[in-house]
Structure formats: C-alpha cells, structure tokens
Amino acid sequence: MKELLTNLKIIGLEDPDGISFSVPRVFVAMFNPSTYTVNHKLNFDTKQAPGQEGSNPEFKNKEPETFSLEFMVDGTGASKPAIPVVGQIALFNQVTITMSGKTHRPNYLIVQWGSFIRECVLQSSSITYTLFDSVGLPLRAKINATFIERADSKINAIASMFSSPDLTHIITVKHGDVLPVLCYKTYRDQKYYLQVARINKLKNFRKLIPGTEIILPPLA
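Residues numbered from 1 in each chain as written. Predicted model: local features only at pLDDT ≥ 70, side-chain atom pairs only at ≥ 80, totals over all residues. Heavy atoms only, no water.

Asker: Give a description of unusual backbone geometry that names residues and reports values.
Answerer: A positive phi angle, close to 60 degrees, is found at His 104, a residue other than glycine. Inspection of the secondary structure assignment puts His 104 in the loop between α2 (85-96) and β7 (108-113). For Lys 201, which is not a glycine, the phi torsion comes out positive at approximately 55 degrees. With respect to the helices, strands and loops of the structure, Lys 201 is situated in the loop between α5 (193-199) and β11 (213-216). A relative accessible area of 74% places Lys 201 in the exposed class. (Helix = DSSP H or I, 4+ residues; strand = E, 2+ residues; numbered from the N terminus. Buried < 20%, exposed > 50% of the residue type's maximum accessible area, 1.4 Å probe, protein only.)

Right, dumping it as structure tokens:
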C-alpha cells in the first residue's frame, strides 16, 4: 500500500509558471524507477594557437541539468488494479509529448518522486515492450525517459501544489507532533485524523512515536 502511495508522478502544465493552468495532467507510475541518472555538462573553449601543444580551457557555460528515469508499466494484474499497457503509455505520452492546442507545444513538466522534484521538459523517451498476450497486445513495457531541467523555473510559485490535499503526503513524526495538527496542516481541517489513524493502523493516535512515518492520503 505504501509503495503505491509514494510512486513517481509526472505532472504536465500548460503554463510555464504553474499559475494559470486549470487542470494539470498527471501520470502516476505503477512501479517506481529501477534507476535514475543525473547528468551535468560544462562547456570550455579549448582553442589552441598554431604550433602549440595543448591549451588552457576557458569556461564558456554550463548546460541545463539532464536526468533520466527508467521504470516499468504492467498490465498483467501483478499489481492491482490491472490497467492496460496501451492505456498507460497513452497517458504518459499525453502528459509528456502531446502538443497543447492552446500553447502549440508539449507540456512543461514537474517530475516528483519523494524528495526528488524537478521542473523540466521531456527531451526524449523510448518504450520497450517486453511481454505480449496471445493476440500480440503488450502486457508489459519499460519506459526510459530523459528530461531537461528548466533553469528559469519558479519552484516557489508552484510549491503549494505539493501541499495539496489531492496528493499523498508522507510525514516523518517529530517530537511533540499531534495527529489532528498534522491533518490540519495538510487538509486545512483536523477532522480527518480518525481516518488517517485507521489507514496507518495507529493503536494510539494521541502518542505518535518520533521517527515513524505517517501516510496522509488524498481526500476522497
């Protein structure tokens, strides 16, 4: 249960500042990435005078950070519920590469997995289908996607998105934390503390143990 609640999210926004969009498109990975890679590249001028060996590289610029994620989608029902692979791939493409009729470009993206949050755009993606049913429909696929971080992004303008009651939160309990207060901070209403206590199977919600994690799911 906890793994499903904390899976990778790719959020598509038409507005680069994340302010004026109406409803974002969201792809939630069924399985978390098996690997992710972060790349940095610095450019230097290495021109050398005629007749000289080597040069003293002069710094030119730093290219935007890129990162790559590899994760699996599955339609066999190994992870309930069974969602057709073609549907999951279609949603991934709609969020990441489909052109918006308003902006005439693909979405600006937020990639979020736990504390890993990046505002970016998709640079490339490849999909490898690895399992098929008796009529040739794909049952399993692997997505490898590379993203370019947006250097001019305004993370503070959209930070409130990740405190939304429509998204799952995992909070590490600190000394003195009280469940109704934690619920109020997330949902702006403390009345949900009994539901949160049941979901987390808390025997005594009045005495939270520091260092434990509390799952605060989206509001129904």
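Moving on from the coordinates now.
Asker: Now, about a nonpolar patch on the surface: what can you tell me, with residues and values included?
Answerer: There is a patch of nonpolar side chains on the surface, built from Leu 42, Phe 44 and Phe 59 and spanning about 310 Å² of accessible area. Residue placement: Phe 59 occurs in strand β5 (residues 58-62). (Patch = residues over 30% accessible without salt bridge, like charges linked within 9 Å, V, L, I, M, F, W, Y side chains within 5 Å. Areas by Shrake-Rupley, 256 points an atom, 1.4 Å probe, with all protein chains shown as cover. Salt bridge = Lys/Arg side-chain N within 4 Å of Asp/Glu carboxyl O.)

Asker: Give a detailed account of the pairing of strand β8 (residues 116-132), specifying residues and quantitative values.
Answerer: Sheet analysis places β7 next to β8, joined by five bridges and oriented antiparallel. Residue Trp 113 lies in a different strand from β8, and its bridge partner there is Phe 116. Across eleven bridges, β8 lies against strand β9 (residues 138-149) in antiparallel orientation. Of the residues in β9, the one forming a bridge with Leu 131 is Arg 140. Two successive antiparallel strands, β8 and β9, enclose a turn made up of five residues, where Gly 136 displays a positive phi of approximately 95 degrees. (Pairing = 2+ DSSP bridges.)

Asker: Outline the nonpolar core, supporting the account with residue identities and numerical values.
Answerer: Of all hydrophobic cores here, the largest spans 21 residues; its most connected members are Ile 10, Phe 27, Phe 71, Val 111 and Phe 147. Taken together, the elements giving at least two residues each to this core come down to β6 (66-74), α2, β7, β8 and β9. Apart from the residues lying within four places of it in its own chain, the contact partners of Phe 147 are Ile 10, Glu 65, Thr 66, Phe 67, Leu 69, Leu 109, Val 111, Cys 120, Val 121, Leu 122 and Gln 123. Judged by nonpolar contacts, the second largest core, of eleven residues, contains Val 173, Leu 182, Tyr 187 and Leu 208. (Core = buried A, V, L, I, M, F, W, Y, C linked by side-chain atoms within 4.5 Å. Contact = heavy atoms within 4.5 Å.)

Asker: Describe the side chain of Asn 43, and please don't skip the residues or the numbers.
Answerer: Mapped onto the elements, Asn 43 comes out in strand β4 (residues 42-45). According to the relative accessible area criterion, Asn 43 is buried, its value standing at 18%. Among the polar contacts made by the side chain of Asn 43, one reaches the side chain of Glu 63 at a distance of 3.0 Å. Every residue in contact with Asn 43, bar those within four places of it in the chain, is listed here: Glu 58, Phe 59, Lys 60, Asn 61 and Glu 63. (Polar contact = N/O pair within 3.5 Å; in protein donor to acceptor, adjacent residues only side chain to side chain.)

Asker: For the packing of aromatic side chains, give the residues involved together with the corresponding values.
Answerer: Throughout the structure, instances matching the rule amount to nine aromatic pairs. Between Phe 27 and Phe 92, the aromatic rings sit 5.5 Å apart at their centres with planes inclined by 75 degrees, giving edge-to-face as the arrangement. Highlighted residues: Phe 27 in strand β2 (residues 25-28) and Phe 92 in helix α2, separated in sequence by 65 residues. For the ring pair Phe 67 and Phe 147, a centre distance of 5.2 Å and an interplane angle of 20 degrees mean the geometry is stacked. Taken together, the positions of Phe 67 in strand β6 and Phe 147 in strand β9 put the pair 80 residues apart, joining distant regions of the chain. The exposure class assigned to Phe 67 is buried, which follows from its relative accessible area of 0%. Judged by its relative accessible area of 0%, Phe 147 is buried. Each residue in the set Tyr 36, Phe 67, Trp 113, Phe 116 and Phe 147 is aromatic and connected to the rest through ring pairs, giving one cluster. Over the face of the ring belonging to Tyr 108 we find Arg 105, whose NZ or CZ atom lies 4.0 Å from the ring centre. (Phe/Tyr/Trp six-rings, centres within 6.5 Å; stacked < 30°, edge-to-face > 60°. Lys NZ or Arg CZ within 6 Å of the ring centre and 35° of its normal.)

Asker: How would you summarise helix α4 (residues 179-187) if you had to cite specific residues and measurements?
Answerer: Taken as a whole, α4 has its buried residues at Leu 179, Pro 180, Leu 182, Cys 183, Thr 186 and Tyr 187. All buried residues of α4 lie within an arc of 160 degrees about the axis, which places them on one face of the element. Close packing links the buried residues of α4 with β10 (169-172), α5 and β11. In the stretch just after α4, Arg 188 is the one whose phi turns positive, near 60 degrees. (Arc of directions from axis to C-beta.)

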